[in-house]
Amino acid sequence: MMMKRAAPFIATAAALIAAPGFAQDAAVAATAPVPDKGDTTWMLISAILVMMMTLPGLALFYGGLVRAKNMLSVLMQVLAVFSMVAILWVAFGYSLAFTGAASAEDATALTPYIGGLTKMFLAGVTTGSNIEGFSAGVVIPELSFVVFQMAFACIAGALIVGATAERLKFSAILLFVVIWFVLAYLPMAHMVWWWGGPSAYDAPSGLLFGHGALDFAGGTVIHINAGVAGLVAAMVAGPRIGYRKELLAPHNLSLTLVGGCLLWIGWFGFNAGSNLEANGLTALAMVNTVVAAAAGVLAWSFGEWAFRGHPSLLGGISGAIAGLVGVTPAAGFVGPMGAIAIGLVAGLLCMWFVISMKPRMGIDDSLDVFGIHGIGGIVGAILTGVFAAPSLGGTGVFDYGANAVAEFSMGAQVWNQTLGVVIAILWSGIVSFVAIHIVKALIGLRVADNDERQGLDITTHGENAYN
């Protein structure tokens, strides 16, 4: 009975397959790239690792650095920013960052700077849609890319929280991050990372990608971008009450170490996951992530030992983050020795800025967001142009047109990297300056002086971290 009922459908299918048009479609379907389960699994694990960097990694790292009366306020700000950006990302953020004209004929003046709304609310993004990574013909599910990049956007916004900790209104930081996300993060992500993929390498691309600026995992998009935003917000908001007059010491460095180590482990997904597949280059990015962070720890610790007479735990874990930030744009372009060099330089320069330059500037960047992420990002982005050279153990730059590694010019690449740094600083700086003044005019920036003295935990959130 079942065979008799199936017979007409089988006959129809046989006839369709015999038809020339159907045979061509079937051949195309048979040759279409299919996501590898290993690559897909790695991308999902990487997304989870990057989310762990924010929740609980960054939250605990920042939480331990503030005074006990402000612990919960920082945790809540990080949690709320993460949640808010995640919703904005699937609503329109992904579409604006990673869509654009498919051909030069379709491109407009805005194409190099921002995408469109064709994938607003993830329209057209299904379980069957794929995107190409950096190897021709190698694809991953588009949803895995969506959630991976969502994790990046979430931590970028959360980083800013540390610059204005202990004094900004909860509503003010949320509104500022929303404006910054739309006008600074999304354009920078589009300019640096959007392109047609290996199979359409000659299609329009983002401004900085087209200029040849290398940013493997977000040195400009995330660290310089957020670092500059934090510096501008801290400058306009003004210092905390008692800044440089009272002791504003961290209340729990043990939590800061735990949070910092979670950031370090999560950074494997951040850097190695940015290869968008699991292969030898992924392993290289992971090795570079370890050794750059280790070099940063030693550089800051021994530098502090030499200048201040003691190697502190705060300095050590700060050096680790500096090394991680420094290697972020370089992770897949340099060799391990280059990563060590970047980690050492980033650790030393970030330490010098935090210890020596920050007091002279008089800007109360509470948790050194610019001092570590801004300076570390600048150092890493520029040095990527040096240590990506094959002569120094780097991978060089792949020419998809020639299907081979291109001839490397260190001077030209350093110029491309510097251009990316300058554009990131100016773009984020201008957007952040306008955004923080919009927030100031609409709702005000700071809590009342009495509330700040009492602590934001109880006055803003109605609870204490410790009872």
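Residues numbered from 1 in each chain as written. Predicted model: local features only at pLDDT ≥ 70, side-chain atom pairs only at ≥ 80, totals over all residues. Heavy atoms only, no water.

- In the nomenclature of an unreviewed UniProt entry, the protein chain corresponds to Ammonium transporter from the organism Paracoccus subflavus.
- As its UniProt record puts it under Sequence similarities (unreviewed entry), the protein chain is described as follows: "Belongs to the ammonia transporter channel (TC 1.A.11.2) family." (UniProt positions renumbered as here; feature names shortened; annotations may be inferred.)

A closer look at the packing of aromatic side chains
Inference 1: Evaluated as defined, the whole model comprises 21 aromatic pairs.
Inference 2: Centre to centre, the rings of F92 and F181 are 6.4 Å apart; their planes meet at 55°, and the pair counts as tilted. Linking F92 in helix α4 (residues 71-98) with F181 in helix α6 (residues 170-193), this pair joins segments that are 89 residues apart in sequence. For the pair F92 and F181, a shared accessibility class is recorded, and that class is buried.
Inference 3: For the pair F148 and F152, a centre-to-centre distance of 4.8 Å together with 55° between the ring planes defines the contact as tilted. Note that F148 and F152 are positioned in helix α5 (residues 142-159) at a spacing of four residues, about one turn of the helix. Judged on exposure class, the residue F148 and its partner F152 are both buried. (Phe/Tyr/Trp six-rings, centres within 6.5 Å; stacked < 30°, edge-to-face > 60°. Helix = DSSP H or I, 4+ residues; strand = E, 2+ residues; numbered from the N terminus. Buried < 20%, exposed > 50% of the residue type's maximum accessible area, 1.4 Å probe, protein only.)

Section: helix α10 (residues 280-308)
Inference 1: The terminal C-alpha atoms of α10 lie 42 Å apart, and with 29 residues this matches the ideal 42 Å at 1.5 Å per residue to within 8%.
Inference 2: In this structure N279 caps α10, since a side-chain oxygen of it lies 3.1 Å from the backbone nitrogen of L281. (Expected span 1.5 Å × (residues − 1). Polar contact = N/O pair within 3.5 Å; in protein donor to acceptor, adjacent residues only side chain to side chain.)

Quick word on the pattern of salt bridges
Inference 1: A full pass over the atoms with the stated rule returns eight salt bridges.
Inference 2: Its salt-bridge partner being E304, residue R308 comes within 3.9 Å of it at the nearest N-O pair. Of this pair, R308 and E304 both sit in helix α10, four residues apart, roughly one helical turn.
Inference 3: We note a salt bridge from R446 to E452, for which the minimum N-O separation is 2.8 Å.
Inference 4: R446 gets classed as partly exposed once you look at its relative accessible area, which sits at 23%.
Inference 5: Residue classification places E452 among the buried residues on the basis of a relative accessible area of 2%. (Salt bridge = Lys/Arg side-chain N within 4 Å of Asp/Glu carboxyl O.)

Concerning empty space enclosed by the protein
Inference 1: The full count for this structure, using the stated rule, is four cavities of 30 Å³ or more.
Inference 2: Reported here for the largest cavity is a volume of approximately 80 Å³.
Inference 3: Along the wall of the largest cavity there are 13 residues; nearest its centre are L58, L159, L263, W267 and H373.
Inference 4: Going through the elements one at a time, α3 (37-65), α5, α8 (219-237) and α9 (253-272) are the ones with two or more residues in the lining of the largest cavity. (1 Å grid on protein atoms, 1.4 Å probe; cavity = no way out; pocket = protein on both sides within 12 Å on 5 of 7 lines; lining within 4 Å. Points joined across faces, edges and corners; volume = space filled by probe spheres on them.)

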